[in-house]
Amino acid sequence: DTEVTQTPKHLVMGMTNKKSLKCEQHMGHRAMYWYKQKAKKPPELMFVYSYEKLSINESVPSRFSPECPNSSLLNLHLHALQPEDSALYLCASSQAGRGVNEKLFFGSGTQLSVL
Amino acid sequence: QKEVEQDPGPLSVPEGAIVSLNCTYSNSAFQYFMWYRQYSRKGPELLMYTYSSGNKEDGRFTAQVDKSSKYISLFIRDSQPSDSATYLCAMTRNTGNQFYFGTGTSLTVIP
């Protein structure tokens, strides 16, 4: 099983709403990622959790708040977003970044529209 | 200079053609190399994975890594309309959790 599951697949929210994106993997991976992808651009790293600890925050605005409740789950809490935050949000996972068979597996993404 | 360079295309080929997609990179520490296929508004799907130099074949797909030239390639044989997608190369070192992506090449296979 090489699946990363993301919900919801589509989300429309207003600028005053609070919503959450969810991600789950059961591959035993210990690193989990949030990426943001605009049309015709490569994925842009937002956050990395390694062994359930936040290890990388790429200077993401505080209106995006990640959470890693356990080694299989990753959430991204959204609050007071701007229209320019509309994008495809991708969750990904990999083994623990210790030089062992490094592969990055992506979920199918959440297409987010901020009105 | 970007860490990874990839020609964005677009690339348009007739069905059955051999497609060659390429990336160059600047960091000699990269050890793991990946190719992803991404359909519009979907997440990238891992197609091929190679560790260090060499070739890897899987069905109609062949991935090549030339570390001496800092150059990687993906070949698609007998291309099909269903291969029409954006292809992203990605690579990483053997430590840390940073993956570096090319900009993606848009491929259209015409029936």
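Keep in mind that this is a model prediction, so the values were computed, not measured. (Residues numbered from 1 in each chain as written. Chains lettered and ligands numbered in written order. Predicted model: local features only at pLDDT ≥ 70, side-chain atom pairs only at ≥ 80, totals over all residues. Heavy atoms only, no water.)

Enquirer: Hey, could you run me through the overall build of chain B in this one?
Expert: Looking only at helices and strands, one finds zero helices and 11 strands in chain B. For chain B, the sequential pattern of α-helices and β-strands runs β-β-β-β-β-β-β-β-β-β-β. Relative to the globule expectation of 13 Å for 111 residues, the C-alpha radius of gyration of chain B, 13 Å, shows essentially globular dimensions. The C-alpha extent of chain B, read off along each of the three principal axes, is 40 × 30 × 20 Å. Here chain B holds 111 residues, and 45% of them are scored as buried. A sequence separation of at least 24 residues applies to 55% of the contacts in chain B between residues at least 6 apart. Total accessible area computed for chain B in this model is approximately 5100 Å², and 47% of it derives from carbon and sulfur atoms. Computing the positive centroid from 10 side-chain charges and the negative centroid from 10, chain B places the two 7 Å apart. (Helix = DSSP H or I, 4+ residues; strand = E, 2+ residues; numbered from the N terminus. Rg over C-alpha atoms; globule rule 2.2 N^0.38 Å. Buried < 20%, exposed > 50% of the residue type's maximum accessible area, 1.4 Å probe, protein only. Contact = heavy atoms within 4.5 Å. Areas by Shrake-Rupley, 256 points an atom, 1.4 Å probe, with all protein chains shown as cover. Lys, Arg positive; Asp, Glu negative; His and termini not counted. Charge placed at Lys NZ, Arg CZ, Asp CG, Glu CD.)

Enquirer: For this particular structure, what's the right way to read the interface of chain A and chain B?
Expert: Put simply, an interface is often sized by how much accessible area is lost when its parts join up. On the chain B side, the residues contacting the 30 residues of chain A number 21 residues. Between chain A and chain B lies a buried interface of about 1800 Å² when both sides are counted; carbon and sulfur atoms form 58% of it. It is A:E102, A:L104 and A:F106 that lose the most area in chain A upon contact with chain B, and together they represent 25% of the buried surface on that side. The interface formed by chain A and chain B includes zero salt bridges. (Buried area = accessible area lost by both parts, 1.4 Å probe. Salt bridge = Lys/Arg side-chain N within 4 Å of Asp/Glu carboxyl O.)

Enquirer: Help me understand the environment of B:Q6 in this model?
Expert: All names here are of chain B. Considering the arrangement of structural elements, one finds Q6 in strand β1 (residues 4-6). For Q6, a relative accessible area of 6% gives the class buried. C-alpha of Q6 to C-alpha of Y49: the two residues are 43 residues apart in sequence and 17 Å apart in space. Setting aside residues no more than four positions away along its own chain, Q6 makes contact with N22, C23, W35, Y87, L88, C89, G102, T103, G104 and T105. Looking at Q6, its side chain comes within polar contact range of the main-chain nitrogen of C89, at 3.4 Å. (Polar contact = N/O pair within 3.5 Å; in protein donor to acceptor, adjacent residues only side chain to side chain.)

Enquirer: Sorry if this is basic, but what is going on with the pairing of strand β5 (residues 44-50) of chain A here?
Expert: Successive side chains on a regular strand alternate, one facing one side of the sheet and the next facing the other. Residues and elements named next belong to chain A. Buried residues dominate β5, accounting for six of its seven residues. Both strand β4 (residues 31-37) and β5 contribute to a ladder of six bridges, which runs antiparallel. What sits directly across from K36, in β5, is E44. Where β4 folds back onto β5 in an antiparallel hairpin, the turn is made up of six residues, including K40, whose phi is positive at roughly 65°. Here β5 pairs with strand β6 (residues 53-57) via four bridges, running antiparallel. (Pairing = 2+ DSSP bridges.)

Enquirer: Mind showing me how you'd approach the sheet that holds strand β3 (residues 19-25) of chain B here?
Expert: The pairing of strands in a sheet happens through backbone hydrogen bonds and is either parallel or antiparallel. All names here are of chain B. Strand order in the open sheet formed by five strands is β1-β3-β8-β7-β6, and the pairing between neighbours is antiparallel. Two strands bound the open sheet, and with one partner strand each, they are β1 and β6 (54-58). With direction set aside, neighbouring strand axes in the sheet form an average angle of 15°. Pairing analysis gives five bridges linking β6 to strand β7 (residues 61-66), with the strands arranged antiparallel. Looking across to β7, one finds that G54 is bridged to V65. (Axes fitted to C-alpha atoms, helices over the stretch in contact; angles between N-to-C directions.)

Enquirer: Just to check I follow, could you spell out the sheet that holds strand β1 (residues 4-7) of chain A for this structure?
Expert: All names here are of chain A. The four strands lie next to each other as β1-β3-β8-β7, forming an open sheet whose pairing is antiparallel. Sheet topology places β1 and β7 (64-70) at the edges, where each strand pairs with a single neighbour. Pairwise comparison of adjacent strand axes, ignoring direction, gives a mean angle of 20° for this sheet. Where strand β3 (residues 18-25) meets strand β8 (residues 73-79), seven bridges bridge the pair, whose relative direction is antiparallel.

Enquirer: Is there a simple way to explain the side chain of A:S93 in this structure?
Expert: Residue and element names in this part refer to chain A. Counting through the fold element by element, S93 comes out in strand β9 (residues 87-94). A polar contact is formed between the side chain of S93 and the side chain of H29, at a distance of 2.8 Å. In this structure S93 touches V4, Q25, M27, H29, A31, M32, Y33, K103, L104 and F105, once residues within four positions along its chain are discounted.

Enquirer: It is not clear to me how the nonpolar core should be interpreted in this structure. Could you clarify?
Expert: The nonpolar side chains of a soluble globular protein tend to be buried, and buried together. Core analysis: the biggest nonpolar cluster contains 25 residues, and B:V4, B:W35, B:I72, B:L74, B:I76, B:Y87 and B:M91 have the highest contact counts within it. Of all the secondary structure elements, the ones that give two or more residues to this core are β3, β4 (32-38), β5 (45-51), β7, β8 (71-76), β9 (85-92) and β11 (105-110) of chain B. Non-local contacts of B:Y87, meaning those with residues more than four positions away in its chain, are made with B:Q6, B:L21, B:Y36, B:R37, B:L47, B:L74, B:I76, B:G104, B:T105 and B:L107. Judged by nonpolar contacts, the second largest core, of 24 residues, contains A:M13, A:W34, A:L74 and A:Y89. (Core = buried A, V, L, I, M, F, W, Y, C linked by side-chain atoms within 4.5 Å.)

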